[in-house]
Amino acid sequence: MKLVRLRYTKWYQLLSRGIFKENPIYAMALGICSALAVTNRVENAIAMGVGVTFVLIMSSASTSLIRKFIPGRVRMVTYMVLISTFVIAFQLVLQAFFFDLSKSLGAYTGLIITNCIVMGRAEAFAVKNPVHFSVIDALANGLGYTFTLLALSIVREILAFGTLLGFQVTPDGWTNWVVMAMAPGAFFVMAIYMWIMRTIAKLDQEGA
Amino acid sequence: MGGLINVFLASVLTHNIALTYILGMCPLIAISKNLKTAKGMGISVIAVITITGTINWPVYRFLKNNGAETISLLVFIITIAATVQLLEMLLDKFLPALYNAFGIFLPLITVNCAVLAVSLFMVNRTFSFLETVFFSFGSGVGWALAITLIAAIREKMALSSKVPSGLEGAGIVMVIAGIISLSFIGFGGIVNF
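Since the structure is predicted, the reported quantities are computational estimates derived from the model, not experimental observations. (Residues numbered from 1 in each chain as written. Chains lettered and ligands numbered in written order. Predicted model: local features only at pLDDT ≥ 70, side-chain atom pairs only at ≥ 80, totals over all residues.)

1. As for the nonpolar core
Under the convention used in this document: Note on definitions: a nonpolar core is a set of buried residues drawn from Ala, Val, Leu, Ile, Met, Phe, Trp, Tyr and Cys, linked by C-beta atoms within 7 Å. Partly exposed residues are those whose C-beta has more than 12 but fewer than 20 other C-beta atoms within 10 Å; 20 or more makes a residue buried and 12 or fewer makes it exposed, with C-beta atoms placed from the backbone. Secondary structure elements follow DSSP: runs of H or I of four or more residues count as helices, runs of E of two or more count as strands, with numbering from the N terminus. Throughout, a residue-residue contact means that the two C-beta atoms, derived from backbone geometry, are no farther apart than 7 Å.
Ranked by internal contacts, the top residues of the largest apolar core, which has 117 residues, are A:Leu36, A:Val55, A:Ile83, B:Ala114, B:Leu116, B:Ala117 and B:Ile150. The leading source of residues in this core is helix α8 (residues 129-160) of chain B, at eleven residues. Beyond its immediate stretch of four places on either side in the chain, B:Leu116 contacts A:Leu111, A:Ile113, A:Thr114, B:Phe76, B:Ile77 and B:Ile80.

Given below as structure tokens:
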């Protein structure tokens, strides 16, 4: 009984919408650049997922906190300044504690600023809703994004390098699919992933 | 001069910003339904990337000389937003015909990651000023080339082929982009930075 009631709370709905039904990547096709570019290794995908989730939560919370003081005309610039502040913070932490990771992610950490998901949640949700719901919404979207990145990077790392988080997982006779580490592999894996997820999501809608 | 042409060709073909670095995907998916709008978007992106890349080079030098390169990200994005806004106002005032054709694309370009990426790459690769100009222009041309190719293929496909329902829209763009980017790998080794 408790589970049934849980399904109708706003918290649950926000979470499930962000992670499954309106997943930023396969349903809305937002934030695809970074999802494709950094998923050649699982390590990179985790770092990127954590970064985007952190920036999303912080920027949504702060946008929502000052939403009554943001003049409508300059709201885009306000989001940009807030978002880039948190992105710079994330970049500095990465450089200080995980230097190799920050090297392999390169310019893509900086590009979290122009990740449409972050801007999109600020404009579509945080600016109209109280802080706690904005944080939940941001968390859900961040998790949905991280989940997608993980799925893509696991497939690509196994096929491209025969490893998972740096450990050998394939048998000795395995030939690496070099193309999977490059851009075409990213595009094809993403296309197949979108196909699968959208088909599942549609079946889910018909069932409900 | 040979070095500059090299940078230009490399940024169009072998290091294409859309097909090798996978940047600027959101507009590539959203605005590639027909060839005419794709061309409009492509030309606007060429203009904005070239201008912002050129402006951001001295801006970065200034920040670096004052020991403030940590905030360069913040400053870049403000430069880009300001340039786009200014361009929009100038076009509206002096070239209304052009504004009517390209005006709707300009606000979208602020959040096109290709534009910011060009500024960040230019810092990472320590280009000189002239190299930056050629690199920015080349990247813009490369992006425009990618969106035009994809739009042309999508236009043809809309007439004749059937796409599975789960793959419609973004999915099929990914497949097209993947095939085009495979063929761009064929340029590999011709030119390099």
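Next, the rest of the story.
2. Thoughts on the interface of chain B and chain A
So the rule is basically this: When residue character is reported, Ala, Val, Leu, Ile, Met, Phe, Trp, Tyr, Cys and Pro are called nonpolar, Asp, Glu, Lys and Arg charged, and the others, Gly included, polar.
Listed per partner, the contact involves 34 residues of chain B and 32 residues of chain A. Of all the secondary-structure elements, those providing two or more residues to the side of chain B that touches chain A are α2 (25-30), α4 (72-94), α7 (113-124) and α9 (170-185) of chain B. Per element, the largest residue contribution to the side of chain B that touches chain A is nine residues, and it comes from α9(B). Looking at the side of chain B that touches chain A residue by residue, the classes come out as 26 nonpolar, eight polar and no charged.

3. What to know about the confidence of the model for chain B
Counted only if it meets this: Confidence scores per residue from the predictor, reported as pLDDT, run from 0 to 100.
Looking at chain B, the pLDDT average stands at 86 and 98% of residues meet or exceed 70. Interface confidence for the predicted complex, expressed as ipTM, amounts to 0.84; the pTM equals 0.85.

4. Topic: the environment of A:Gly110
In this fold, A:Gly110 is placed in the loop between α6 (99-105) and α7 (116-126). According to the C-beta neighbour criterion, A:Gly110 is buried, with 25 such atoms within 10 Å. Considered as a pair, A:Gly110 and A:Val87 are 23 residues apart in the sequence and their alpha carbons are 6.6 Å apart. If we skip the residues at most four places from it in the chain, A:Gly110 touches A:Val87, A:Gln91, B:Leu73 and B:Leu120.

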